[in-house]
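Here is how the chains run, residue by residue.
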Amino acid sequence: MTEVKRGRSAFLAANLILGSSTIVRFAMGIAKTKLSAAILGPAGVGVVGLGVQLETLGCGLATTIVGTGLSTQLSIFLKKKDEQAKYGLLSTAFTLLILTSLVLIGVGFVFERRLAAWAFGDASYSHCLVPIFIAIPLHTLVGSFFIRFFYCYGELKYYARASMIAGVVEAVSYIILVRYFGPAGAFWGIALGMSSWLAMCLFFSSRFERLKNIFKLRITKIYVKELVVSGFVMSAAGSLLYLMNALVRIHIIRVFGAASGGIYQVVLALSAYYLPYLTNGVWARLNPKVSAEGLGAEVMYEWTEALCLIAILAAAAQLGLMWVVRFFVSIVYTKAFLDAVPIVPIQLLGDFFYLIAQPALGVVLGLSRMRTYFVVWVIYIGTQYGLTLLLSQLIGLRGVAVAYLVSNLGLACYGIVLYAAAMRRQRRKRILMTLAVLGISGLAVSTGTVFFVSDTALFPKAALLASWGLCVAAVFYFPRVRAAVLT
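On a predicted model such as this, the values are computed, not experimentally measured, just so you know.

Conventions and cut-offs
Residues numbered from 1 in each chain as written. Predicted model: local features only at pLDDT ≥ 70, side-chain atom pairs only at ≥ 80, totals over all residues. Heavy atoms only, no water. Helix = DSSP H or I, 4+ residues; strand = E, 2+ residues; numbered from the N terminus. Buried < 20%, exposed > 50% of the residue type's maximum accessible area, 1.4 Å probe, protein only. Contact = heavy atoms within 4.5 Å. Areas by Shrake-Rupley, 256 points an atom, 1.4 Å probe, with all protein chains shown as cover. pLDDT = per-residue confidence, 0-100. Axes fitted to C-alpha atoms, helices over the stretch in contact; angles between N-to-C directions. Parallel < 35°, antiparallel > 145°, perpendicular 65-115°, else oblique. Left-handed = near helix turned anticlockwise from the far one by under 90°. Nonpolar A, V, L, I, M, F, W, Y, C, P; charged D, E, K, R; others polar. Phe/Tyr/Trp six-rings, centres within 6.5 Å; stacked < 30°, edge-to-face > 60°. Patch = residues over 30% accessible without salt bridge, like charges linked within 9 Å, V, L, I, M, F, W, Y side chains within 5 Å. Salt bridge = Lys/Arg side-chain N within 4 Å of Asp/Glu carboxyl O. Core = buried A, V, L, I, M, F, W, Y, C linked by side-chain atoms within 4.5 Å.

Remarks on the overall build of the protein
Right, on to step 1. Looking only at helices and strands, the protein has 16 helices and 0 strands in total.
Right, on to step 2. For the protein, buried positions account for 56% of its 487 residues.
Right, on to step 3. Sequence separation of at least 24 residues holds for 83% of the intrachain contacts in the protein that already meet a minimum separation of 6.
Right, on to step 4. Surface summary for the protein: the accessible area is close to 20100 Å², and the carbon and sulfur share equals 67%.

Remarks on the confidence of the model for the protein
Right, on to step 1. When pLDDT is averaged along the protein, the result is 81; 89% of the residues meet or exceed 70.
Right, on to step 2. Looking at the elements of the protein, mean pLDDT is at its lowest for helix H1 (residues 10-62), recorded as 69, and at its highest for helix H13 (residues 398-423), recorded as 93.
Right, on to step 3. Per-residue pLDDT stays below 50 along residues 1-5; that stretch engages in 11 contacts with residues further than four places along the chain or on separate chains.

Some points on the packing of helix H6 (residues 156-181) against helix H7 (residues 183-205)
Right, on to step 1. For the pair H6 and H7, the least separation of the axes is 7 Å and the interaxial angle reads 160°. Compared by their axis directions, H6 and H7 come out roughly antiparallel. Remark: the crossing between H6 and H7 carries right-handed chirality.
Right, on to step 2. Of the residues that constitute the contact of H6 with H7, the class distribution is 20 nonpolar, 6 polar and 2 charged.

Quick look at the packing of aromatic side chains
Right, on to step 1. What the rule picks out here adds up to 16 aromatic pairs.
Right, on to step 2. Note on phenylalanine 109 and phenylalanine 133: the rings are 4.9 Å apart at their centroids and 70° apart in plane angle, and the pair reads as edge-to-face. Taken together, the residues span a long stretch of sequence, with phenylalanine 109 in helix H3 (residues 83-110) and phenylalanine 133 in helix H5 (residues 126-153) at a distance of 24 residues.
Right, on to step 3. Ring plane angle 80° and centroid distance 5.5 Å describe the contact between phenylalanine 352 and phenylalanine 353, whose orientation is recorded as edge-to-face.

Points about a nonpolar patch on the surface
Right, on to step 1. A cluster of nonpolar side chains, Val168, Val172, Ile176, Tyr180 and Phe181, forms an exposed patch at the surface whose accessible area comes to about 540 Å².
Right, on to step 2. Of note, tyrosine 180 is situated in helix H6.

Some words on the nonpolar core
Right, on to step 1. With 90 residues, the main nonpolar core has Trp303, Val329, Tyr333, Phe337 and Trp377 as its most contacted residues.
Right, on to step 2. At 20 residues, the largest contribution of residues to this core is made by helix H10 (residues 297-332).
Right, on to step 3. By size, the runner-up hydrophobic cluster in this structure holds 35 residues, among which are Leu138, Val142, Tyr158 and Tyr223.

Thoughts on the environment of aspartate 455
Right, on to step 1. One can find aspartate 455 in the loop between helix H14 (428-453) and helix H15 (458-477).
Right, on to step 2. Its relative accessible area of 62% is what places aspartate 455 among the exposed residues.

Points about the environment of alanine 119
Right, on to step 1. Topologically, alanine 119 is positioned in helix H4 (residues 112-120).
Right, on to step 2. On the basis of relative accessible area, alanine 119 is assigned to the buried category, the value being 6%.
Right, on to step 3. Setting aside anything within four residues of it in sequence, one finds alanine 119 in contact with Leu50, Leu54 and Ile250.

Right, dumping it as structure tokens:
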């Protein structure tokens, strides 16, 4: 491999910048969760979780004709400093997102009561769908347009600020409205939060771009094909995932009761709090760089760095969460949610393998290998849903987490094979060290999962956490250890 400059970690820097907003949203999320648990109880929390999943599904459908083609082409145009092409691409993407969002929410309002009856089992919940429909175009613009806009420009600090401000607005709105209007208030609070997020994205975008050249209702034909192809693949894959998650929640509520839906929401919420902190660097740094430069020596180094740092930091986060999960559930939720505690370690191990797969998925999308991405994602979703139906019948709610674990293990294996195949062309010896880092990290989390699920004595748990803490400290504070791991 050609020697590349190795100074400050760009991957880690991206994670740290965006991590500031993650921490704020984490704190606001805890406040929202505590109130929801106290006022709504497990059944109400399950309804809110399902509603949020429906909103996410709607966003996935709304992005049908705009996908990673936006970030791929924008990265190229920025590198070439082609202003005309850049503005044509951005205005086309903006227009397509607006049109698809309007069509989607129009259909939603027409079938509002039927959708409520299908999802919640009661058509009277149709009033809860109104704020969900309103939030869909707002969420779509933030999640499919602005996030790629800020990432490709490298203006991560502005996106982080917008996210932090919106997180506070959403939390305040959510807390007030849930108190007086129950689950419907939760959805209106989310819609208000999305409105503020979009407003902040517009405000901060004006710091470095001329908005009048971007937000035009104009379609340039030469950019439609790239956006539509990538958008269809991304939307189809994402929508299948969101649909699967919604179906899993519906299955849990119907088979095990509404309270179990709330228990499952606790398991998912804990993962949602910390996962973005570890994946920010993949989508804010690695993916745009692959789009602009391909798999050169510098990109391969950053892919290696992303894999190793994610594995090391994920293991630390997951072992720590296993220690505090009972305390966390008791404080943030209520004792009625403690049935989630034995399920969480299994979910966290599944999270580890999910995180290991993310760099490879970022590379696949950066290279515009849309067919490969779609096939992999369909196999992953089908495997997880099939195992969920089977294992939930055999071992109850814990089977849902086991299905998530097994399917993510397969996804991680695909990512590792893809990395090894790419690295062989440049530096085969590097593969062995990376595999060693991944293997040791995975072993640490697997051991922790066994300890906490089987309720092992305190000393082995403490020894494992302390040992891993020393490993993390060695990597970050001793240059020779860091060099051995990353170079």
